[in-house]
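# Descriptive structure summary
One-letter residues, chain by chain:
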Amino acid sequence: MGDIRLLANATNATAEDLYKATKHDATTGKPACGSYSATTVWADLDKPANNTAALNALGMDLPTTGLMANWTIINVPNATAWSGAATAIEAVTAPATPVPDEAAIVYFPQVNATVGGALTGAVATNFTADPLLRAGLVSGQAQFDLPDMSTTYVGATGGTAAGPVDQATALTAALATSSINNEFWALDGINGATDWVFSMPTRRYSAAVDYTAAPVDIKYTALGTDYFTNANLTLNAANIACVTDITNTFWNREEGTAVVAAGDTSSSPGDAAPAPLAMCGETSVLAFNDPASTGTDAQPTKVLGAQTTVRNYNLAIGGTKVEEGWMRLDTPGVGNGLPIIGSAFMSAFNSNAKPGVLGNYNMTFPHRTTRP
């Protein structure tokens, strides 16, 4: 939300308080924490994210790049694990010459609606593109719901209704892809299995399910470029939004190729989701040759143990089961691609490993994508 710096100007005692309150003490190994002179000002709900001067005076400066994160998924029952680096975004000087730059401070008081922190009116409209928050449709929505990924970090429209829409448009465009490519294996001889994971972290800023409506409906925010409309987004039987119009082609190791037909797919929960592939929810899973993972009595997928928003492909060419190869999913959206990130997660087991050694093997391969 912003940088905390020990300012060179030692006369600004209030600004230095924030640094001193959060800096770990060399002796105790802990920050001072507690309250300090500016506590009541931090909770001032009349000063939302765009009041840079007030926040500077409290010791919060413009945020700079450098944050990073890693993720780890552990399937405890199977004694398997995968890891990788989180997808990161940063503010730059200009798209043509992307040099890291400072961004806008996006601090919001982290308080709930019951203590005066309700997120309503112009504050919601000017600082998020989320169609539910903008329309006041989330029960108990509050200042702690912000900032989100659509809150304006760059551009001259911060603090206006156009700002978060511009931010969501730019970020969605940066993630958009017209195809996803990766490999799979499901060899019975090594207990091979593959789950592909698809995440659409910016979809909510275009479209979100309104569960307060009767019947349940999808609310939209019109971005500068559309990626989700009622032409490619529908509700399944469980009232989960599913992206449609996704096609597939797969190849085996000997260059044989085919397309997965509707009859060779199944889903969990079992419903009438459009076939052969519909990415349901903001994160969905595609399993390969794992029919037990889908249907009415679905079991967790063999790799990640996923149980919901799972789709399974049974792969065959000319009646012969395909146990390994690669696949391309075409994701045109409504003509501008779809904002998808994710990876293939693969596992295998060697029963002839050294005695006393568990022969589990795990691989993670990020999806290869194509710019629209």
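All of the points below concern the structure found in this document. These figures come from a predicted structure and were not determined experimentally.

Quick notes on the rules
- Residues numbered from 1 in each chain as written.
- Predicted model: local features only at pLDDT ≥ 70, side-chain atom pairs only at ≥ 80, totals over all residues.
- Heavy atoms only, no water.
- Helix = DSSP H or I, 4+ residues; strand = E, 2+ residues; numbered from the N terminus.
- Buried < 20%, exposed > 50% of the residue type's maximum accessible area, 1.4 Å probe, protein only.
- Polar contact = N/O pair within 3.5 Å; in protein donor to acceptor, adjacent residues only side chain to side chain.
- Contact = heavy atoms within 4.5 Å.
- Pairing = 2+ DSSP bridges.
- Disulfide = S-S within 2.5 Å.
- Core = buried A, V, L, I, M, F, W, Y, C linked by side-chain atoms within 4.5 Å.
- Salt bridge = Lys/Arg side-chain N within 4 Å of Asp/Glu carboxyl O.

Take the side chain of N232 next. Examined against the element boundaries, N232 turns out to sit in the loop between β9 (217-220) and β10 (233-235). Taking relative accessible area as the criterion, N232 reaches 0% and is therefore assigned buried. Within polar-contact distance, the side chain of N232 engages the backbone oxygen of Y227 at 3.2 Å. Setting aside its immediate chain neighbours within four residues, N232 contacts Y227, C242, V243, T244, D245, G333, V334 and L338.

All right, on to the sheet that holds strand β11 (residues 241-243) then. Pairing is antiparallel across the open sheet formed by three strands, whose spatial order is β10-β11-β15. The sheet is open, and its two borders are formed by β10 and β15 (279-280), each paired with just one other strand. Of the pairings in the sheet, the one linking β11 to β15 comprises two bridges and is antiparallel in character. Bridge pairing in β15 places C242 opposite C280.

Attention shifts here to the state of the cysteines. A complete count under the given rule lists one disulfide for this structure. Note on cysteine connectivity: C242 is disulfide-linked to C280, with sulfurs 2.0 Å apart. Taking the sign of the S-S torsion, 105 degrees for the link of C242 and C280, the bridge is right-handed. A residue pair is termed long-range when its members are at least 10 positions apart, and C242 in strand β11 and C280 in strand β15 qualify at 38 residues. With respect to class, C242 is no different from C280; both count as buried.

Counting 36 residues, the largest nonpolar core has W196, M279, L286, L315, M327 and L329 as the members making the most contacts within it. Contributing elements (two or more residues each) for this core: α6 (162-175), β6 (179-185), β7 (193-199), β8 (207-210), β11, β16 (283-288) and β20 (324-330). Core analysis: the next-biggest nonpolar cluster, separate from the first, contains nine residues, V197, V285, A306 and F345 among them.

In this section: the pattern of salt bridges. Enumeration according to the criterion identifies four salt bridges in this entry. D130 serves as the salt-bridge partner of R204, at 2.3 Å between the closest nitrogen and oxygen. With R204 in the loop between β7 and β8 and D130 in the loop between α4 (121-127) and α5 (131-134), this pair connects stretches of sequence that are 74 residues apart. The class of D130 is buried, set by a relative accessible area of 2%. Measuring nitrogen to oxygen at the nearest pair gives 3.3 Å for the salt bridge that ties D188 to K321. Taken as a pair, D188 in the loop between β6 and β7 and K321 in strand β19 (residues 320-321) lie far apart in primary sequence, 133 residues in all. Among the residues examined, K321 registers a relative accessible area of 43% and is labelled partly exposed.

Bringing the environment of N51 into the picture now. Here N51 is to be found in the loop between α2 (39-42) and α3 (52-57). With 54 residues separating them in the primary sequence, N51 and I105 have C-alpha atoms 8.4 Å apart.

Here we take up the environment of W71. Relative to the assigned elements, W71 resides in strand β3 (residues 70-75). What makes W71 partly exposed here is its relative accessible area of 25%. For the pair W71 and D3, spaced 68 residues apart in sequence, the C-alpha separation works out to 24 Å. Beyond its immediate sequence surroundings of up to four residues, W71 is in contact with W82, S83, G84, A85, A86, F345 and T364.

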